[in-house]
Amino acid sequence: MKKPETLEEFYANRPFLKTFDLSDNQEHFNVLDIEKQKQMEGNAAVSFGRKNYFKICMVSGNSKIHYADKSFEILKHGLLFANPLIPYDWEAISGAQKGYSCIFTESFTEGFGHIKKYPFFQPDGYPVFELTEEEKFNLENIFVQMQKEQSSEFDFKDDALKNLIFQLIFTALKIRPSTQITTEKMNAAGRITSLFLNLLESQFPISNTINGIGLRSASDFADQMSVHVNHLNKSVKETMMKTTSELISERILKEAKIMLQHSSWAISEIAYSLGFEGPAHFSSFFKKQVHVSPSQFRSEKIV
């Protein structure tokens, strides 16, 4: 699997875009007009992969979004929230694609909120949904205001832009209240679970066939975190309502699907990189979860 696309690579592939503060890569923001961007670069699909930045995109036009191991079709107007952890691509189906997108680094939003806590930017969140005409109009106005602020000479325009990012998030939350939103309780169990989930995600993507994941079991994670495995398991179960092993297996399965669909690696290479003893163990695990073999899943492009 290739490494996440950096901001430098994003702009290098689109020299016609104005970059504003790219020299200060640690705190970057830009808002883009999709129709103008497509006119310059053509209607080629966004290549599947992770991006090393956050993105909120509103588009009008029939399109399909392949997000991690799932696919979503937008019939008329759609909204996408993308983060550095989850790979995606965007494929135009028919008609002109219009709309706006904003890209930004996590550090750009510091001081205004913790961007990763919102469900759209979490691994199990729901990042794509269809918009009504009214919803599209309301969100479009926020993007237009972003364009005005970015082009202004206002001394505090960065603060204004940060505020508009969170306006997009809050507007979307009100449009589609997430069933996964819970009141965060940062007790000991919550902190341990948060650390476990961060460690789990940090192992992906796998960039080569030699260095695979190193943490596969609850004991592996407990040792890395310097906590007793029973304490880890109890904390995770209390917070997530799932066992540590279930969450590890779910994440490995998701990555396996991504690699089978979007890489040219041999199944044996995928198996070893994901920490399995060999292809047979991987095949048994995969078939138990998906009810087809890895080779069938790859050839039939099952979602």
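On a predicted model such as this, the values are computed, not experimentally measured, just so you know.

(A) Here's a closer look at the overall build of the protein. Along the backbone of the protein there are 11 helices and six strands. Working note: accessible area of the protein is about 15,500 Å², and carbon and sulfur atoms make up 51% of it.

(B) Structural detail: the pattern of salt bridges. Inspection of every chain in the model, using the stated rule, returns seven salt bridges. Of the charged contacts, one joins K116 and E106 as a salt bridge, the two residues approaching to 3.4 Å between their closest N and O atoms. Placement of the pair is K116 in the loop between β5 (88–104) and β6 (128–130) and E106 in the loop between β5 and β6, with a sequence separation of 10 residues. K116 sits in the partly exposed class, given a relative accessible area of 46%. A salt bridge links E250 to K242; the shortest N-O distance between them is 2.9 Å. The exposure class assigned to K242 is partly exposed, which follows from its relative accessible area of 30%. Members of the salt-bridge network, linked through shared partners, are E201, R251 and E255.

(C) A look at the side chain of R251. With respect to the helices and strands, R251 occurs in helix α8 (residues 244–262). A relative accessible area of 7% means that R251 is categorised as buried.

(D) Representation of the nonpolar core in the model. Counting residues in each nonpolar core, the largest one holds 31 residues, and the members touching the most others are F196, F221, L232, L274, F282 and F286. Looking at this core element by element, the count peaks at seven residues for α8. With sequence-adjacent residues up to four places away left out, L232 is seen in contact with I192, F196, A218, F221, A222, M225, V227 and T244. With 30 residues, the next largest nonpolar core counts L79, F108, L164 and I169 among its residues.

(E) Here's a closer look at the packing of α8 against helix α10 (residues 279–290). Running from amino to carboxyl end, α8 crosses α10 at an angle of 100°, the nearest separation of the two axes being 11 Å. With respect to their mutual orientation, α8 and α10 come out roughly perpendicular. In this structure, α8 uses S249, I252, L253, A256, K257 and L260 to contact α10, whose residues at the interface are F282, F285, F286, Q289 and V290. Considering only residue class, the contact of α8 with α10 consists of eight nonpolar, two polar and one charged.

(F) Seen up close, the packing of helix α3 (residues 133–151) against helix α4 (residues 157–175). At a minimum axis distance of 9 Å, the contact between α3 and α4 shows a crossing angle of 170°. One way to sum up the angle between α3 and α4 is to call them roughly antiparallel. Facing E135, L139, I142, F143, Q145, M146, E149 and Q150 of α3, the residues of α4 in contact are K157, A160, L161, L164, I165, Q167, L168, T171 and I175.

(G) Local environment of the packing of aromatic side chains. The full count for this structure, using the stated rule, is 18 aromatic pairs. On the basis of an interplanar angle of 10° and a centroid distance of 5.8 Å, the ring pair of F54 and F104 is categorised as stacked. With F54 in strand β2 (residues 54–67) and F104 in strand β5, this pair connects stretches of sequence that are 50 residues apart. Here F54 and F104 have matching classes, each one buried. When the ring of Y100 is compared with that of F143, the centres are 5.9 Å apart and the planes differ by 10°; the resulting orientation is stacked. With Y100 in strand β5 and F143 in helix α3, this residue pair connects regions lying 43 residues apart in the sequence. In this structure, Y100 and F143 share a single accessibility class: buried. Of the aromatic side chains, those joined through ring pairs into one cluster are F54, F81, F104, F120, F121 and F129. Lying over the aromatic face of F108, K162 brings its terminal NZ or CZ to 5.3 Å of the ring centre. Stacked on the ring of F276, the Lys or Arg R216 has its end atom at 4.4 Å from the ring centre.

(H) Representation of the side chain of T244 within the structure. Mapped onto the fold, T244 is located in helix α8. Assessed through its relative accessible area of 0%, T244 is described here as buried. Non-local contacts of T244, meaning those with residues more than four positions away in its chain, are made with F196, A218, L232, N233 and V236.

(I) Seen up close, the pairing of β2. β2 sits mainly inside the fold: 13 of its 14 residues count as buried. Looking at chain direction, β2 and β5 are connected through 13 bridges and run antiparallel. Paired with K55 across the bridge in β5 is I103. Pairing geometry for β2 and strand β4 (residues 77–82), over six bridges, is antiparallel.

(J) Geometry of the environment of Q26. Locating Q26 in the fold gives a position in the loop between α1 (7–12) and β1 (29–33). Residue class for Q26 comes out exposed when judged on its relative accessible area of 58%. Along the sequence, Q26 and F104 sit 78 residues apart, while their C-alpha atoms lie 9.5 Å from each other. Among all residues touching Q26, those that are not within four sequence positions of it are T105, S107 and F108.

Conventions we followed
Residues numbered from 1 in each chain as written. Predicted model: local features only at pLDDT ≥ 70, side-chain atom pairs only at ≥ 80, totals over all residues. Heavy atoms only, no water. Helix = DSSP H or I, 4+ residues; strand = E, 2+ residues; numbered from the N terminus. Areas by Shrake-Rupley, 256 points an atom, 1.4 Å probe, with all protein chains shown as cover. Salt bridge = Lys/Arg side-chain N within 4 Å of Asp/Glu carboxyl O. Buried < 20%, exposed > 50% of the residue type's maximum accessible area, 1.4 Å probe, protein only. Core = buried A, V, L, I, M, F, W, Y, C linked by side-chain atoms within 4.5 Å. Contact = heavy atoms within 4.5 Å. Axes fitted to C-alpha atoms, helices over the stretch in contact; angles between N-to-C directions. Parallel < 35°, antiparallel > 145°, perpendicular 65-115°, else oblique. Nonpolar A, V, L, I, M, F, W, Y, C, P; charged D, E, K, R; others polar. Phe/Tyr/Trp six-rings, centres within 6.5 Å; stacked < 30°, edge-to-face > 60°. Lys NZ or Arg CZ within 6 Å of the ring centre and 35° of its normal. Pairing = 2+ DSSP bridges.

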